[in-house]
Amino acid sequence: MKPTETEGVDWRSESTAAPELTTRERLRETYDEQIRTPLFVAWADWRTRFGFLILGGYLLMALVAVFGLWREPSTSQAPRYLMAFENMQYPLGTTASGTDLAALIIHSTPEILLMITAGAVWATAVAVVIGTVAGYKGGRVDNALMSFSDLVMAIPGLPLVIILAVTFSPENPILLGIVINISYWAGLGRSLRSQVLTIRENDYVEASRTMGVSTPKIILKDIIPNLMPYVTVNFVFAARYVMFASVGLYFLGVLPYSTQNWGVTLNFAYSGGALFSWDAAHWLLAPMVAIMGLSLGLILLGQGLDRVFNPRVRTRMTGKSESTVDEDDAGITEVL
Amino acid sequence: MVNYYVRRTARVFATIFMVASLTFGLIRLLPGGPYTLLRTRLLRQGVPAAEVDARIANLQNIRPDAPIWEQYIDYMIALAQGNLGMSISLNEPVVSILAKSAPWTVFVVLVSTILVFVIGIFLGSLQAYWEGSRFDQVFSGISISLMSVPFYVVAVLALYIFAYQLNWFPTAGTVGRGIEPQLSVAFVLSALEHGVLPIFSYTLGAIGGQALAMRGNSIQVLGNDYVQVARLRGLSDRRIATRYVARNAILPMYTGFLLLLGFRLGGTVILEQIFSYTGLGYYLISALNTNDYPLMMGTFLVITVALVLGVYVADLTYSKIDPRISAGGSDEAY
């Protein structure tokens, strides 16, 4: 969305002007502007389309698992070491202990989706609060918040998560997602702050301030809507980080094996002798493909959304050009 | 300006101090307390009860019967003197284990991160230069696919194919058996041979993100007025590409580079486990599995200090490279 345009609308609707619009018309207008058009643009880009389709596929898998439409994984439920597609009863083949690989993959999905959503919500929410407050308030608040996030950034993420995981051994996927992204917000908060620093100099923010609007309201109404594009894109990347890290940690055997996870499957394949023969290749490959598919979906969605929100591309429809999303941050937040 | 350096340096010490305190606190939070397990083990080995406390105190420079603030002060003083205690599982001073393992981790992380950076910048700038061409499209596609492959997947696959199935590379370790760690041809060759797969798998997946970032930066710079003006002035393409475009496009990635270095230091925890590569990350996990708290906190502390120093160097040199970053922001407070 072009920042100036949405802001104009918001500001007006606040001042109880425009009585000629009924609530319904206004809702309709908002819907058109905020939801229909972006979705339309999003769908026009092949990246978002593929991203949505892939994520939809994983959601479907999660539903299949939740409603019990596929058998639960258990040992000796099938012949051992079936290759993929050898027996269509077990389409992905079986492991050394005769467990259906497809069942392992499918029953891992709900927890993973829950985990990445929780982690991403946590990371972006904290980053938005810290970034906007620090950027808008400036001065001592800014100094304190930024020193704190510098401190958090200085602690290496993965080792910290490992130590925390051992200390608290979280089993709930939501809690686990938050623990994994416990320090992810720091870098994102910093770059949000630098954007707020430019946004707060805008005329309409100045106007709100002189009108005596309270700080929380200014932040909520004038500042945050401008950040939404950047936040949405980074939400997707934060989700991807949770997935990479959680599978990696399950693979290491650091997290408690209370639920199914692709990392657990990968670990069993790695330590169960799949490395030594070609016959067990499918055992390694199935979880890997599941991981890469989900992260590909997330990346495509992120890239596509970037294009939807990025005015440099949107301008082909309207005409003006202005950039809100810094591309130079892309290399900093992606770790794994 | 001096003020900035002093402040920045003070913050390094503050950060390290905070992290050291954090490790102290975390040891106490660990399940069952840090020393109950050790105490029962020592008692079972037939060590007299009177001696057990003295042994434990020797391990982590902590007197278990002292009040907690006294333990804290003792711990911090020992740390400041470079004494990280004794490893429980390996029966060696933690410092000497770290001194042995840190060079390997630094070697792998440094080499692979430099490779990522150089290859990424090279590919990204070529893509930006030929934006929209077939080359750009193909490599953008490759970059996106590479970004979706976590390095441990590459590592396991590389280990599976090149080490176990094709036998081209060793499957574990940092150097071959029986090779003395000294500067000889055999040692260097063996170290390189063992390092190839870890470095390769740690490099491949990360290139995509860097290339895309560099591509975006370069395209942005290419659209600037001063590049047009440089063209109009009739400067050679090479001069424009290196002095005008590359310089400005790489600048924002420079801070990224040292941050990346630090982040990747943490990622070695997984990498070294896969290749049984005895660096810092390997010992962190093995300490974890054997409840060896002194070693665990020692590796954690060393990795953190390395990261803090990396970011510190990045900040200091960045203000040298980019004159716009001066003595920090002095924004009006609302």
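Trainee: Please explain the overall build of chain B as it appears in this structure.
Mentor: Secondary structure summary: chain B contains 12 helices and 0 strands in total. Helices and strands in chain B line up, N terminus first, as α-α-α-α-α-α-α-α-α-α-α-α. By residue count, 40% of the 334 residues in chain B fall in the buried class. Contacts spanning at least 24 positions in sequence make up 68% of the contacts within chain B whose residues lie at least 6 apart.

Trainee: What should I look at first to understand the overall build of chain A in this one?
Mentor: Secondary structure summary: chain A contains 14 helices and 0 strands in total. Helices and strands appear in chain A in the N-to-C order α-α-α-α-α-α-α-α-α-α-α-α-α-α. Residues classed as buried in chain A amount to 48% of the 336 residues present.

Trainee: Just to check I follow, could you spell out the environment of Leu175(A) for this structure?
Mentor: With respect to the helices and strands, the residue Leu175(A) is situated in helix α7 (residues 173–180). Taking the C-alpha atoms as reference points, Leu175(A) and Val247(A), separated by 72 residues in sequence, lie 15 Å from one another.

Trainee: Explain helix α11 (residues 280–289) of chain B to me, please; I cannot follow it from the model alone.
Mentor: Side chains three or four residues apart in an α-helix point the same way, a direct result of the helix having 3.6 residues per turn. A large share of α11(B) lies buried, amounting to 9 of its 10 residues. Residues Leu280(B), Gly281(B), Tyr282(B), Tyr283(B), Leu284(B), Ile285(B), Ser286(B), Ala287(B) and Leu288(B) constitute the buried set of α11(B).

Trainee: Can you help me understand the packing of helix α5 (residues 94–129) of chain B against α11(B) in this one?
Mentor: Two packed helices can be described by the angle between their axes and the distance between those axes. Residues and elements named next belong to chain B. In the contact formed by α5 and α11, the axes pass within 7 Å of each other and the chain directions differ by 130 degrees. Judged on the interaxial angle alone, α11 and α5 are oblique. Counted together, Ile97, Ser101, Ala102 and Thr105 of α5 and Leu280, Gly281, Tyr282 and Tyr283 of α11 form the full contact between these two elements. Along the lines of polarity and charge, the residues of the contact of α5 with α11 split into 5 nonpolar, 3 polar and no charged.

Trainee: Which parts of the structure should I look at to understand unusual backbone geometry?
Mentor: Apart from glycine, the bulk of residues carry a negative phi angle, and the bulk of peptide bonds sit in the trans form. In this structure, Ser276(B) is a non-glycine residue whose phi angle is positive, near 45 degrees. Checked against the element boundaries, Ser276(B) lands in the loop between α10 (237–274) and α11.

Trainee: Sorry, what's going on with the confidence of the model for chain B here?
Mentor: Low pLDDT means the predicted coordinates in that region are not meant to be read closely. Residues and elements named next belong to chain B. The pLDDT averaged across chain B works out to 77; a share of 79% of its residues lies at or above 70. At the low end of the mean pLDDT range in chain B sits helix α3 (residues 49–60), at 65; at the high end sits α5, at 86. Contacts for the low-pLDDT stretch residues 326–331, under 50 throughout, to residues beyond four places or in other chains number 6 contacts. Interface confidence in the predicted complex, given as ipTM, is 0.77; pTM for the same model is 0.78.

What counts, and at which threshold
- Per chain, the residues get numbers from 1 upward, laid out in the order the sequence is written.
- Here the convention is simple: chains get letters from A, ligands get numbers from 1, in the order in which they are written.
- In keeping with the predicted nature of the model, local features appear solely for residues at pLDDT of at least 70, side-chain atom pairs appear and are counted solely at 80 or more, and the whole-chain, interface and lining totals rest on all residues.
- Numbered from the N terminus, helices here are DSSP runs of H or I no shorter than four residues, and strands are runs of E no shorter than two.
- Partly exposed residues are those whose C-beta has more than 12 but fewer than 20 other C-beta atoms within 10 Å; with 20 or more the residue is buried, with 12 or fewer it is exposed, and the C-beta atoms are placed from the backbone.
- We call two residues in contact when their backbone-placed C-beta atoms lie within 7 Å.
- Each axis is a line fitted through C-alpha atoms, taken for helices only over the stretch in contact, and angles between the N-to-C directions span 0 to 180 degrees.
- Oblique is the label for any angle not under 35 degrees, not over 145, and not in the 65 to 115 range, which are roughly parallel, roughly antiparallel and roughly perpendicular in turn.
- Classification convention: Asp, Glu, Lys, Arg as charged; Ala, Val, Leu, Ile, Met, Phe, Trp, Tyr, Cys, Pro as nonpolar; all other residues, Gly among them, as polar.
- As a per-residue measure, pLDDT tells how confident the predictor is, with possible values from 0 to 100.

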